[in-house]
Amino acid sequence: MLLDLGAGTIRRLLEAGENIREISVVFFSHFHPDHTGEFVSFLFANKYPDRAARQRMLTVMGGKGLSRFYSGLRDVYGHVIELPGRLFRLVETDAKGYDTRQLGVFLVQSVPVAHCPESIACKITAADGRSVVYSGDTDYCDSLIELARDADVLICESSFPDGMKVKGHLTPSMAGEIAARANVRKLVLTHFYPECDTVDIEAQCRRAYSGSLVLATDMLKVEI
């Protein structure tokens with residue numbers, strides 16, 4: 001399962017030894033270009049060359065407007081990004097509250113969060129009960145806290161340092177407060193804007209959260 005598809009994703013997947021044609025679910029937290037910018041390339045790479053094209057179903061999951069978003073891309077790029085119907089489906093989540101889907105071996109729950117109209121966070125639970133929550137982009141909201149309740153890992157955006165709060169995004173201490181209130185076992189902070197490079201992100205987060213804390217980097221592997 002792949003969470004969002006910003007620029008550079010395919011290269012990193014290949015560097016990690018992943019076969020993109022084996023990915024069965026793509027989840028979009030919202031449709032901003034830093035989260036979807038490589039979707040077209042991903043679809044194209046799953047279709048060509050013919051001898052190595054995708055053979056398993058790809059489910060693309062996202063919030064309200066996913067079908068319209070995909071249709072717009074198809075209007076621009078045409079058949080070169082269209083996978084056969086037997087291999088491709090769109091799942092547009094319930095915009096009003098909890099949405100629960102069984103996608104292969106994953107139970108995927110999603111809720112709206114405070115960023116843009118289609119923004120959703122998701123909780124992925126494996127058959128053995130281990131769970132990961134991905135915030136996508138969001139401001140502070142109770143829906144994310146409830147979704148993340150007792151999760152093993154919360155991957156949470158922390159775009160700007162404390163004191164530089166921007167509407168629709170979190171700071172390290174806010175992300176820490178969400179993790180603390182949700183009682184998550186491990187917090188992974190991500191989505192850092194350059195302003196975060198000049199401050200101690202970990203120290204700011206520790207104002208609110210005392211559990212296991214990781215600052216995300218490319219190619220990071222996190223045990224659950």
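Right above here is the structure, for reference.
My aim in this report is to walk through the structure given alongside it, one point at a time. (Residues numbered from 1 in each chain as written. Predicted model: local features only at pLDDT ≥ 70, side-chain atom pairs only at ≥ 80, totals over all residues. Heavy atoms only, no water.)

Some remarks on the overall build of the protein chain
Heads up, the rule is: Helix and strand assignments come from DSSP, with helices taken as H or I runs of at least 4 residues and strands as E runs of at least 2, each series counted from the N terminus. Computation of the radius of gyration draws on C-alpha atoms, with the globule rule given as 2.2 Å multiplied by the number of residues to the power 0.38. The rule is simple: take the accessible area with a 1.4 Å probe, protein chains only, and divide by the maximum for that residue type; under 20% is buried, over 50% is exposed, in between is partly exposed. For this analysis, residues touch if any pair of their heavy atoms sits within 4.5 Å.
Tallying secondary structure elements over the protein chain gives seven helices and 11 strands in all. Scaling as 2.2 N^0.38, a compact globule of 224 residues should have a C-alpha radius of gyration of about 17 Å, and the protein chain matches this with 17 Å. The principal-axis extent of the C-alpha atoms belonging to the protein chain is close to 55 × 35 × 30 Å. The burial tally for the protein chain puts 48% of its 224 residues in the buried class. Partitioning the intrachain contacts of the protein chain with sequence separation of at least 6 by distance along the chain shows that 64% fall at a separation of at least 24.

Topic: the packing of helix H3 (residues 39–47) against helix H4 (residues 66–77)
What counts is decided by this rule: Only C-alpha atoms enter the line fits that serve as axes; for helices the fit covers just the stretch in contact. Angles between N-to-C directions range over 0 to 180 degrees. An angle below 35 degrees is treated as roughly parallel, one above 145 as roughly antiparallel, one from 65 to 115 as roughly perpendicular, and anything else as oblique. By definition, any crossing whose near helix is turned counterclockwise from its far helix by less than a right angle is left-handed, and any crossing with a clockwise turn is right-handed. Residue classes follow a fixed rule: Ala, Val, Leu, Ile, Met, Phe, Trp, Tyr, Cys and Pro count as nonpolar, while Asp, Glu, Lys and Arg count as charged, and any other residue, Gly among them, counts as polar.
Between H3 and H4, the least distance of the axes is 11 Å, while the angle of their chain directions is 65 degrees. By the criterion of interaxial angle, the relationship of H3 to H4 is roughly perpendicular. Here the hand of the crossing between H3 and H4 comes out right-handed. In contact with Phe 39, Val 40 and Leu 43 of H3, H4 contributes Phe 69, Tyr 70, Leu 73 and Tyr 77. Considering only residue class, the contact of H3 with H4 consists of seven nonpolar, no polar and no charged.

What about the sheet that holds strand E9 (residues 153–157)?
The line we're drawing: Any two strands with at least two DSSP-identified bridges between them are counted as paired.
In space, the seven strands of this open sheet follow the order E5-E6-E7-E8-E9-E10-E11, with mixed pairing throughout. Each having just a single partner strand, strand E5 (99–103) and strand E11 (212–215) make up the two edges of the open sheet. Shown here is a sheet whose adjacent strand axes are inclined to one another by a mean of 20 degrees, direction ignored. Summarising the sheet, strand E10 (residues 186–190) and E11 pair through four bridges and their orientation is parallel. Within the sheet, the bridge partner assigned to Leu 189 lies in E11 and is Leu 215.

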